[in-house]
Each structure stands twice: as structure tokens, then as C-alpha cells.
Amino acid sequence: MLTDAELIARVHNDDSRAFGELFDRHSVAVFRYAWGFVSQDADAQELLQDTFLTAWDRRRAIRLVGDSVLPWLLVTCHNHASNLRRRDSYRAALPLRDTDAASTDDPAELHWVRETIDSLDEQDRMVCELCLVDGASYREAARILGSTEGAVAKRLQRARAKLRKAVSEND
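A quick note: this is a predicted structure, and the numbers were derived from the prediction, not measured.

Here is what the cut-offs are and how they apply
Residues numbered from 1 in each chain as written. Predicted model: local features only at pLDDT ≥ 70, side-chain atom pairs only at ≥ 80, totals over all residues. Heavy atoms only, no water. Helix = DSSP H or I, 4+ residues; strand = E, 2+ residues; numbered from the N terminus. Buried < 20%, exposed > 50% of the residue type's maximum accessible area, 1.4 Å probe, protein only. Contact = heavy atoms within 4.5 Å. Areas by Shrake-Rupley, 256 points an atom, 1.4 Å probe, with all protein chains shown as cover. Salt bridge = Lys/Arg side-chain N within 4 Å of Asp/Glu carboxyl O. Axes fitted to C-alpha atoms, helices over the stretch in contact; angles between N-to-C directions. Parallel < 35°, antiparallel > 145°, perpendicular 65-115°, else oblique. Left-handed = near helix turned anticlockwise from the far one by under 90°. Nonpolar A, V, L, I, M, F, W, Y, C, P; charged D, E, K, R; others polar. Phe/Tyr/Trp six-rings, centres within 6.5 Å; stacked < 30°, edge-to-face > 60°. Lys NZ or Arg CZ within 6 Å of the ring centre and 35° of its normal. pLDDT = per-residue confidence, 0-100. Disulfide = S-S within 2.5 Å. Arc of directions from axis to C-beta.

**Student:** Is there a simple way to explain the overall build of the protein chain in this structure?
**Tutor:** Assigned secondary structure in the protein chain consists of eight helices and zero strands. When the elements of the protein chain are put in sequence order from the N terminus, they spell out α-α-α-α-α-α-α-α. For the protein chain, the residues scored as buried account for 33% of the 171 residues in total. A separation of at least 24 residues holds for 57% of the contacts in the protein chain among residues at least 6 apart in sequence. Summed over its atoms, the accessible surface of the protein chain is roughly 10500 Å², and 51% of this surface lies on carbon and sulfur atoms.

What follows is the structure, encoded as C-alpha cells:
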């Protein structure tokens, strides 16, 4: 059985099989660690996935602590958990009231929502369409737009404020 140091040396050379061995060796520990930050299995799975995706993306920058890659993976998981908390706090800070929800099945009665989205600048409109209309995640929208998750979150925050204002004007 290869050591973490030997596997990382191979991973530095793009060996996906060695990376798979690292995943098999450490994924349970990373998943359990992720559970300490979240309350749902899906969120812990997302943190696990993000951690190993980052590990692959930054494979040449991974440094061992002692003889193990696990500390590096746990720090990376912690960073992703912090990002997840920030993302969730942005969403929690901008809740829609029950009265903001559409109370009709007739799209014509909600024309002002489309008008408000259409009045946004191009980037904000694209973020709204991707995240609010199509249901894309911040990460997916950022990838599509060639932006960062933080920029997508900020644009969506501004767009939601404009939509809330439109809601209050159309009550």
C-alpha cells in the first residue's frame, strides 16, 4: 500500500488513479468532519465533493502535514464550510415574505416581475435568469458567466432588493 506522500507525488503528475486512492482513503474522515458544519446529508456530501474537487484543481499545491494529506483536506473542507455558511447567511438575510410569493397561476398578472428583471443591467439580468428563473447555483452561474461566486451573490442580492421594491410597488 502506497503512502500519502507517494500518492501525492503521483497526483502532482496528474495520476487520477492515485487521486482515487486518496479519495477512498480519506473521504469517510472528510465526510464526518463536514457533518460537524452542516445539518443535512446533502450539504455534507457537497462539502466532501467541493473538498476533493479543490484538491484535484490544486493538486500541485498540496503539501503534506507530517505523512498525511488529511490535514490539508480538512482545512479545505473547513474553508468550503465557511463559504457555505456565508452563502446561506446572504440568503437568510434576504428572505421573501409570504406575501411576496405569487398568489396566482396567471403569468400575465406578474408581468411586472419580468419587467423588473428586464430593466436590470445585462450581467444582473443574466444572474437573475440563471439563479432565480433557471435554478442554477451560484457556482454554476459563476462558471457560465466567467465570474466568481461572490460576485454572483452580490449581483443577486442587488437584484432581489429591486424585485422586493417592485413587489411593494405592485401590492
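**Student:** Looking at this model, I keep getting lost on the pattern of salt bridges. Mind explaining?
**Tutor:** Side chains that carry opposite charge are capable of pairing whenever their charged atoms lie near each other. Per the counting criterion, the structure on display carries eight salt bridges. Measuring nitrogen to oxygen at the nearest pair gives 2.5 Å for the salt bridge that ties arginine 60 to aspartate 14. Of the two residues, arginine 60 sits in the loop between helix H3 (41-57) and helix H4 (70-93) while aspartate 14 sits in the loop between helix H1 (4-12) and helix H2 (16-35), which places them 46 residues apart along the sequence. For aspartate 14, a relative accessible area of 39% translates into the label partly exposed. Salt bridges here are not isolated pairs; linked through shared partners, they connect Asp121, Asp124, Arg155 and Arg158.

**Student:** Looking at this structure, how should I read the packing of H1 against H2?
**Tutor:** Helix packing for two helices is described by the angle between their axes and how far apart those axes are. Running from N to C, H1 and H2 cross one another at 140°; their axes reach a closest spacing of 8 Å. Considering their axes alone, H1 and H2 lie oblique with respect to each other. Between H1 and H2 lies a crossing whose hand is left-handed. Across the interface between the two elements, Asp4, Leu7, Ile8, Arg10 and Val11 of H1 pack against Ala18, Phe19, Glu21, Leu22, Arg25 and His26 of H2. Split by residue class, the contact of H1 with H2 holds six nonpolar, one polar and four charged.

**Student:** Where do I start with the packing of aromatic side chains in this structure?
**Tutor:** Any two aromatic rings considered together are summarised by their centre-to-centre distance and by the angle between their planes. If you walk through the whole model with that rule in mind, you get five aromatic pairs. With a centroid separation of 6.1 Å and an interplanar angle of 75°, the aromatic rings of phenylalanine 19 and phenylalanine 52 are classed as edge-to-face. With phenylalanine 19 in helix H2 and phenylalanine 52 in helix H3, this residue pair connects regions lying 33 residues apart in the sequence. Both residues of the pair, phenylalanine 19 and phenylalanine 52, count as buried. Measuring from centroid to centroid gives 5.2 Å for phenylalanine 19 and tryptophan 56, while their planes differ by 70°, and the two rings are edge-to-face. Here tryptophan 56 lies in helix H3 and phenylalanine 19 lies in helix H2, a separation of 37 residues in the sequence. Ring pairs connect the aromatic residues Phe19, Phe23, Phe52 and Trp56, which therefore count as one cluster. If you follow arginine 59 out to its NZ or CZ, it ends over the ring of tryptophan 56, 3.9 Å from the centre.

**Student:** Just checking my understanding: could you explain the confidence of the model for the protein chain for this structure?
**Tutor:** Caution is warranted with low-pLDDT regions, since their predicted coordinates should not be read in detail. When the pLDDT values of the protein chain are averaged, the result is 82; 82% of them are 70 or greater. Confidence, read as mean pLDDT per element, is least for helix H5 (residues 111-118) in the protein chain (74) and greatest for H2 (95).

**Student:** Explanation requested: the state of the cysteines in the structure shown.
**Tutor:** In protein structure, a disulfide is the covalent linkage between the sulfur atoms of two cysteines. Tallied over the entire structure, the rule returns zero disulfides. Cysteine 131 carries a free sulfur, and the closest cysteine sulfur to it, the one in cysteine 128, is 8.0 Å from it.

**Student:** I would appreciate a short explanation of H1 in the present structure.
**Tutor:** An α-helical turn contains 3.6 residues, so a residue and the one three or four places further along point in the same direction. Within the sequence span of H1, burial applies to Asp4, Leu7, Ile8 and Val11. Along the axis of H1, the buried residues cluster in a sector spanning 100°; they form a single face. Aspartate 14 occupies a position one or two residues after H1 and carries a positive phi of about 65°.

**Student:** Sorry, what's going on with the packing of helix H6 (residues 122-133) against helix H7 (residues 138-145) here?
**Tutor:** Close contact between H6 and H7 brings their axes to 10 Å; oriented N to C, the two are set at 135°. On the basis of the axis angle, H6 is oblique to H7. As H6 packs across H7, the resulting crossing turns out to be right-handed. Along its contact with H6, which presents Gln123, Met126, Val127, Leu130 and Cys131, the element H7 presents Tyr138, Ala141, Ile144 and Leu145. Residue composition of the contact of H6 with H7, grouped by class: eight nonpolar, one polar and no charged.

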